[in-house]
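Chain residues, written in single-letter form:
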Amino acid sequence: MRRVRHHEYGGPEVLRLEEAETPEPADGELLVRTEAIGVTLPVVRAVREGRGPLPGVLGGEIAGTVVAVGAGVRGFGPGDRVTSLTFSGSYAELALAPAAMASRVPDGASAEQAVALVRGGHVALAALATAEPGPGASVLVTGAASGVGHLAIQLARLRGARRVVAAVGSRAKEDFLRGLGADEVVTYDSDDWGEPADIVLDGVGGEVLPRALRALAPGGRLVFFGSGGGTVPAFELLAGGKTITGLTMRRFSTARRELYERHGKQLWDLALSGRLSAAVHARIPLAEAARAHEIIEARTNLGKVVLLP
């Protein structure tokens with residue numbers, strides 16, 4: 001089978017297409033023939049910033065057909081179409097996925113739709129569940145045109161937010177975001193982000209995180225799920241009575257398993273009924289994975305970037 005790895009850290013140019021042996025599913029794992037592979041900002045950053053051992057086997061999200069199951073797996077079998085988060089080895093024609101993170105792809109849904117919807121939708125819903133916005137709350141989303149962000153904009157509106165603000169790096173994304181329901185669009189370099197928001201969902205971090213905290217109303221809540229790090233002044237939290245909560249899907253999906261499963265069903269109900277749109281920005285062959293990373297690094301995508309094996 002073909003897979004993509006990197007043997008050094010750096011930009012997209014370090015990614016290499018290789019031939020590899022077909023992996024064997026261990027206890028609790030599925031072996032999936034991939035039909036679509038999602039490219040995520042955390043994975044792109046990990047390659048450039050030198051996270052994890054070498055050679056690097058990239059993780060992310062996949063959708064495809066189960067070809068084998070490991071011991072102890074219940075509820076899945078060969079021939080089932082599934083989508084799953086994976087923590088390594090997703091850039092491949094055959095990938096291992098933890099059965100606990102997998103869910104079925106409904107009839108009539110494509111693999112591309114599954115990859116664009118499920119992981120990003122789960123993160124967006126988990127962030128909203130963690131923030132617990134009350135009726136009529138205002139919500140600001142950073143990285144608003146990303147695979148997670150464009151779904152968070154829509155889901156905040158569907159949950160009854162009175163005002164939804166999209167924060168992005170470029171005004172070129174404004175029409176896309178207003179079409180998804182954003183009331184306002186602000187750019188990171190703007191001096192004024194408008195009226196402070198009750199809830200901020202930050203998936204960018206870095207230099208954006210302090211700005212996102214300043215955009216939070218007194219007593220507001222910020223949920224941070226980005227991979228970009230960042231620091232905040234503690235006095236800002238104290239003086240404004242603000243809170244920050246970190247979110248990782250690995251922990252959320254285990255600590256709040258029942259809610260995680262409900263979220264999966266909710267996402268498909270919304271998507272298949274046409275109330276939630278999962279945008280695919282680009283479909284790129286697996287052999288050209290470097291081009292997909294270039295798009296993510298340039299932050300030009302409107303929605304999800306997908307690799308096709």
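Before reading on, note that the structure itself is shown above.
Fair warning: this is a prediction, and the values are worked out from it, not measured in the lab.

About the thresholds
Residues numbered from 1 in each chain as written. Predicted model: local features only at pLDDT ≥ 70, side-chain atom pairs only at ≥ 80, totals over all residues. Heavy atoms only, no water. Helix = DSSP H or I, 4+ residues; strand = E, 2+ residues; numbered from the N terminus. Buried < 20%, exposed > 50% of the residue type's maximum accessible area, 1.4 Å probe, protein only. Contact = heavy atoms within 4.5 Å. Lys, Arg positive; Asp, Glu negative; His and termini not counted. Charge placed at Lys NZ, Arg CZ, Asp CG, Glu CD. Phe/Tyr/Trp six-rings, centres within 6.5 Å; stacked < 30°, edge-to-face > 60°. Lys NZ or Arg CZ within 6 Å of the ring centre and 35° of its normal. Pairing = 2+ DSSP bridges. Axes fitted to C-alpha atoms, helices over the stretch in contact; angles between N-to-C directions. Parallel < 35°, antiparallel > 145°, perpendicular 65-115°, else oblique. Nonpolar A, V, L, I, M, F, W, Y, C, P; charged D, E, K, R; others polar. Expected span 1.5 Å × (residues − 1).

Draft legend 1. Molecular detail of the overall build of the protein chain. Secondary structure summary: the protein chain contains 9 helices and 16 strands in total. Referenced to the eigenvectors of the C-alpha coordinate spread, the extents of the protein chain come out at roughly 55 × 40 × 35 Å. In the protein chain, which comprises 309 residues, the proportion classed as buried is 53%. For the protein chain, the share of sequence-separated contacts (at least 6 apart) that also reach a separation of at least 24 residues comes to 64%. Computed over 34 positive and 34 negative side-chain charges, the inter-centroid distance for the protein chain is 4 Å.

Draft legend 2. Layout of the packing of aromatic side chains. All told, the structure shown has 1 aromatic pair when counted by the stated rule. Centroid distance Tyr188 to Trp193: 6.4 Å. Interplanar angle 45°. Geometry classified as tilted. We classify Trp193 as buried; its relative accessible area is 5%. Above the ring of Phe87, the side-chain terminus of Arg250 is found at 3.7 Å from the ring centroid.

Draft legend 3. Summary view of the sheet that holds strand β4 (residues 56–57). In space, the 3 strands of this open sheet follow the order β2-β1-β4, with antiparallel pairing throughout. In the strand order of this sheet, the two ends are held by β2 (15–19) and β4, each with one partner. With 5 bridges joining them, strand β1 (residues 2–6) and β2 adopt antiparallel strand pairing. Paired with Val4 across the strands is Leu17, a residue of β2.

Draft legend 4. Just the side chain of His263, in detail. Looking at where His263 falls in the secondary structure, it is placed in helix α8 (residues 257–272). Those residues within four positions of His263 in sequence are excluded, and the remaining contacts are His122, Leu125, Ala126, Ala129 and Phe252.

Draft legend 5. A look at the environment of Ala63. Mapped onto the elements of the fold, Ala63 is located in strand β5 (residues 60–69). It is 18 Å that separates the C-alpha atoms of Ala63 and Val73, two residues lying 10 residues apart in sequence. Filtering out sequence-adjacent residues up to four positions away, Ala63 remains in contact with Arg33, Thr34, Glu35, Ala36, Val82, Thr83, Ala111, Ala114 and Val115.

Draft legend 6. Structural detail: the sheet that holds strand β14 (residues 243–246). Here we have 6 strands laid out as an open sheet, ordered β11-β10-β9-β12-β13-β14, and parallel in their pairing. Looking at the sheet topology across the chains shown, the edges are occupied by β11 (184–187) and β14. Along the sheet, successive strands turn relative to each other by an average axial angle of 20°, direction set aside. Of the pairings in the sheet, the one linking strand β9 (residues 138–142) to strand β12 (residues 197–202) comprises 3 bridges and is parallel in character. Across the sheet, residue Leu140 finds its bridge partner in β12, namely Val200. Sheet contacts for helix α3 (residues 149–158): β9, β10 (163–168) and β12; angle to β10, the most-contacted strand, approximately 170°.

Draft legend 7. View of the packing of helix α1 (residues 41–49) against helix α9 (residues 289–298). For the pair α1 and α9, interaxial distance at closest approach is 10 Å and the crossing angle is 100°. The orientation of α1 relative to α9 falls into the category roughly perpendicular. Each of Leu41, Val43, Val44, Val47 and Arg48 in α1 lies in contact with α9, whose residues at this interface are His293, Ile296 and Glu297. Here the residues of the contact of α1 with α9 sort into 5 nonpolar, 1 polar and 2 charged.

Draft legend 8. Layout of α8. With 16 residues, α8 should reach 22 Å at 1.5 Å per residue; the first-to-last C-alpha distance of 23 Å fits that figure. Here α8 has its buried residues at Leu259, Tyr260, His263, Gly264, Leu267, Trp268, Leu270 and Ala271. Turning to α8, the residues buried within the fold contact β6 (81–86), β8 (102–104), α2 (111–131), α3 and α7 (249–255). After α8 finishes, the residue Gly274 shows a positive phi value of roughly 85°.

Draft legend 9. Up close: α2. When the terminal C-alpha atoms of α2 are compared, their 30 Å separation across 21 residues agrees well with the 30 Å that a helix rising 1.5 Å per residue should span. In terms of burial, α2 is largely enclosed, as 17 of its 21 residues are buried. In the segment just after α2, Glu132 is the residue with positive phi, at about 50°.

Draft legend 10. Fine view of the pairing of strand β3 (residues 29–39). The buried fraction of β3 is high, at 8 of 11 residues. Here 3 bridges tie β3 to strand β16 (residues 304–308), and the two strands are oriented antiparallel to one another. Bridge pairing links Gly38 to Val306 in β16.

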